[in-house]
Amino acid sequence: MEAQTPRPRLLAAGSNARGQLANGSDDDSHTFKECRFKEGALPPDTHGILQLATGANHTLVLMEFGDGQRELWGCGDGRKGQLGPEYMGQLTEFTPISMPLYKTYASQGYTCCLIAAAWETSYLVLKSPSRPDVVISMGSNDFGALGVGTKQATATSTVISFDHLTIEGRSINSSELVVESIIAGPRHVVLHLRPVFSNEHILVGWGLGRHGQLGDTKIVNCDRPCIISLDVSADPVQIYSLGLQHTVACHQSGRTTAFGSNKKGQLHKMDSWGRIRQVGCTWNGTYLLVDDDENTLLSMGSNAHGQLGRELQGGENEVTVGPVEFTLSHDGKLASLRSFACGSEHVMAVVSPSGSSDREVWGWGWNEHGNLGLDHTDDVPKPTKIWPAGGHAVDGKPVQVWAGNGTSWILLQT
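The notes below deal with the structure included here. (Residues numbered from 1 in each chain as written. Predicted model: local features only at pLDDT ≥ 70, side-chain atom pairs only at ≥ 80, totals over all residues. Heavy atoms only, no water.)

Here's the deal with the overall build of the chain
Reasoning step 1: Within the chain, the regular secondary structure consists of 1 helix and 29 strands.
Reasoning step 2: For 414 residues, the compact-globule estimate of 2.2 N^0.38 gives 22 Å, and the C-alpha radius of gyration of the chain, at 21 Å, lies within 12% of that figure.
Reasoning step 3: Viewed in the frame of its principal axes, the chain has a C-alpha envelope of about 60 × 55 × 40 Å.
Reasoning step 4: Once local pairs closer than 6 in sequence are excluded, the contacts in the chain between residues at least 24 apart make up 48%.
Reasoning step 5: When the accessible surface of the chain is summed, it comes to about 17300 Å², and 46% of that surface belongs to carbon and sulfur atoms.
Reasoning step 6: Between the averaged position of the 32 positive side-chain charges in the chain and that of its 43 negative side-chain charges there is a distance of 3 Å. (Helix = DSSP H or I, 4+ residues; strand = E, 2+ residues; numbered from the N terminus. Rg over C-alpha atoms; globule rule 2.2 N^0.38 Å. Contact = heavy atoms within 4.5 Å. Areas by Shrake-Rupley, 256 points an atom, 1.4 Å probe, with all protein chains shown as cover. Lys, Arg positive; Asp, Glu negative; His and termini not counted. Charge placed at Lys NZ, Arg CZ, Asp CG, Glu CD.)

Here we look at the sheet that holds strand β26 (residues 360-365)
Reasoning step 1: Pairing in this open sheet of 4 strands is antiparallel, and the strands run β24-β25-β26-β27 from one edge to the other. In the strand order of this sheet, the two ends are held by β24 (336-342) and β27 (380-387), each with one partner. Put simply, the sheet's adjacent strands are angled 25° from each other on average, direction ignored. (Pairing = 2+ DSSP bridges. Axes fitted to C-alpha atoms, helices over the stretch in contact; angles between N-to-C directions.)

Considering the sheet that holds strand β1 (residues 8-14)
Reasoning step 1: Taken in spatial order, the 4 strands of this open sheet run β2-β1-β29-β28, and their pairing is antiparallel. Strand pairing shows two members of the sheet lacking a second neighbour, β2 (29-34) and β28 (397-403), which therefore form its edges. In this sheet, adjacent strand axes meet at a mean angle of 20° when their direction is disregarded.
Reasoning step 2: In this sheet, strand β29 (residues 407-413) lies alongside β28 in antiparallel orientation, the contact comprising 6 bridges. Within β29, the position partnered with Lys-397 by the bridge is Gln-413.

Section: the nonpolar core
Reasoning step 1: Membership of the largest hydrophobic core comes to 37 residues, with the highest contact counts inside it found for Leu-10, Phe-37, Val-61, Phe-94, Leu-124, Leu-126 and Trp-409.
Reasoning step 2: No other element matches strand β4 (residues 58-65), which puts 5 residues into this core.
Reasoning step 3: If sequence neighbours within four positions are ignored, Phe-37 has contacts with Leu-10, Leu-42, Val-61, Met-63, Trp-73, Glu-93 and Phe-94.
Reasoning step 4: If you look at the next biggest cluster of nonpolar residues, it comprises 31 residues, including Tyr-287, Leu-312, Phe-326 and Val-380. (Core = buried A, V, L, I, M, F, W, Y, C linked by side-chain atoms within 4.5 Å. Buried < 20%, exposed > 50% of the residue type's maximum accessible area, 1.4 Å probe, protein only.)

Remarks on the layout of surface pockets
Reasoning step 1: By volume, the largest pocket amounts to about 1100 Å³.
Reasoning step 2: Lining the largest pocket are 45 residues, and of these Leu-52, Ile-183, Ser-241, Cys-342 and Trp-402 sit closest to its centre.
Reasoning step 3: At the level of secondary structure, the elements contributing two or more residues to the lining of the largest pocket comprise β3 (46-54), β7 (111-117), β13 (177-184), β17 (237-242), β20 (276-282), β24 and β28.
Reasoning step 4: Its residues assigned to classes, the lining of the largest pocket comprises 26 nonpolar, 18 polar and 1 charged. (1 Å grid on protein atoms, 1.4 Å probe; cavity = no way out; pocket = protein on both sides within 12 Å on 5 of 7 lines; lining within 4 Å. Points joined across faces, edges and corners; volume = space filled by probe spheres on them. Nonpolar A, V, L, I, M, F, W, Y, C, P; charged D, E, K, R; others polar.)

Digging into empty space enclosed by the protein
Reasoning step 1: Tallied over the entire structure, the rule returns 1 cavity of 30 Å³ or more.
Reasoning step 2: Estimates place the volume of the largest cavity at around 50 Å³.
Reasoning step 3: Contributing to the lining of the largest cavity are Ala-118, Trp-119, Glu-120, Thr-121, Ser-140, Asp-142, Ala-145, Pro-186 and Arg-187.
Reasoning step 4: Class assignment for the residues of the lining of the largest cavity results in 4 nonpolar, 2 polar and 3 charged.

Things to note about the pattern of salt bridges
Oppositely charged side chains may form a pair once their charged atoms are brought near each other.
Reasoning step 1: This model, assessed by the stated rule, comprises 12 salt bridges.
Reasoning step 2: As a salt-bridge pair, Arg-70 and Glu-64 come within 4.0 Å of each other at their nearest N and O atoms.
Reasoning step 3: Classification of Arg-70 by relative accessible area gives partly exposed; the value is 26%.
Reasoning step 4: By relative accessible area, Glu-64 is classed as buried at 17%.
Reasoning step 5: With a shortest N-O distance of 4.0 Å, Glu-360 and Lys-385 are connected by a salt bridge. Residue Glu-360 is located in strand β26, and its partner Lys-385 is located in strand β27; the two are separated by 25 residues in the primary sequence.
Reasoning step 6: Each of Arg-18, Asp-77 and Arg-79 takes part in a single network of salt bridges with overlapping partners. (Salt bridge = Lys/Arg side-chain N within 4 Å of Asp/Glu carboxyl O.)

Considering unusual backbone geometry
Reasoning step 1: Of note, the amide linkage connecting Trp-387 to Pro-388 takes the cis form, showing an omega dihedral of -5°.
Reasoning step 2: Position of Pro-388 relative to the elements: it lies in the loop between β27 and β28.
Reasoning step 3: A positive phi angle is found at Phe-143, which is not glycine, with a value near 60°.

Re the side chain of Gln-278
Reasoning step 1: With respect to the secondary-structure elements, Gln-278 resides in strand β20.
Reasoning step 2: Classification of Gln-278 by relative accessible area gives buried; the value is 18%.
Reasoning step 3: Other than its neighbours up to four places away in sequence, Gln-278 contacts Ile-239, Tyr-287, Leu-288, Leu-289 and Phe-340.

Comments concerning the packing of aromatic side chains
Reasoning step 1: Under the criterion given, the structure shown has 8 aromatic pairs.
Reasoning step 2: Ring geometry for Phe-94 versus Trp-409: centroids 6.3 Å apart, planes at 45°, classification tilted. With Phe-94 in strand β6 (residues 90-96) and Trp-409 in strand β29, the pair connects residues that are 315 residues apart, well separated along the chain.
Reasoning step 3: In this structure an aromatic cluster arises from ring pairing among Phe-37, Trp-73, Phe-94 and Trp-409. (Phe/Tyr/Trp six-rings, centres within 6.5 Å; stacked < 30°, edge-to-face > 60°.)

Set out below in structure tokens:
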């Protein structure tokens, strides 16, 4: 008997006002439901989902197929052009995103390798082995989100230029830039760039900057890419995350750098950390995964909805840093934290119980839209197991989670 090929399945729960959960409706879902694709479930030759990005009411997924081909699919709100010019309405199931500009580059051997989404704007990074990287933006231009220097909203997908940038008076040749990563918060975007022929690393951003989230409090809105004043050449940024009004970076050495608003204590004691290997941001909070035996997850910032995942002795307005309080296993040991994802004001985590290779999904924080999939809309102040849970018909091992604006996503391997 021929063995079955493992097949991925994508589940979603939470806010669904414009069909961004891709479950065939525009009603909020308080439990995890399988996402629908244009032909039903995930196409049978789907190898995996490489990335998932969420805006206010739209979702993008970058899919990889068995032959190595990659495709961009999307769903939800497309009224601002964030799903490309072909879909200016609403999609309640994932559909391949096609646009003339993307087709032009694809014909030249380009492949979509990175995606990101701001509030109502989408970003694609295209790569080709023998050509310079290309960054495309589409959708709303609120706060200069498109990064193309125009003040008017446009639904036309556009290539972002970096030719105006300089480092110590030297012009940057954008044809020699490699885009290492792109991350978008609701209102600002940051890219990690590296020139091909040097070891220089630079962070570049645009969008809303009045709180210093682009590294300079003098910047109100930046509608074209600007260099973030952060010397990263000696200690390059390894990973970074964006909140609503703040930015947090983790360097290769394990130290952290942060800038932007600290109104909710989201940057509290940020300069004092080392041995950090992953960072995440909710809108008004920061989460640091410590490189220790316990995989300690530190949280700081707003706890208005229990999103810090721990008890505060002085009430929700107390500014503290402390570990998220996961429940001990029956042997008195902590579960092993494998990965985590931050949404608007909730957090998802993949954990393995002590002494086990099994995987579970835990979540906590804001739950107004049922985005924790627990079949209720009460906030959850402590980490709670949300998958597997009783009554779910879909089996599979969770391999990755994503968290969006009142939405949660679980990728299962069945």
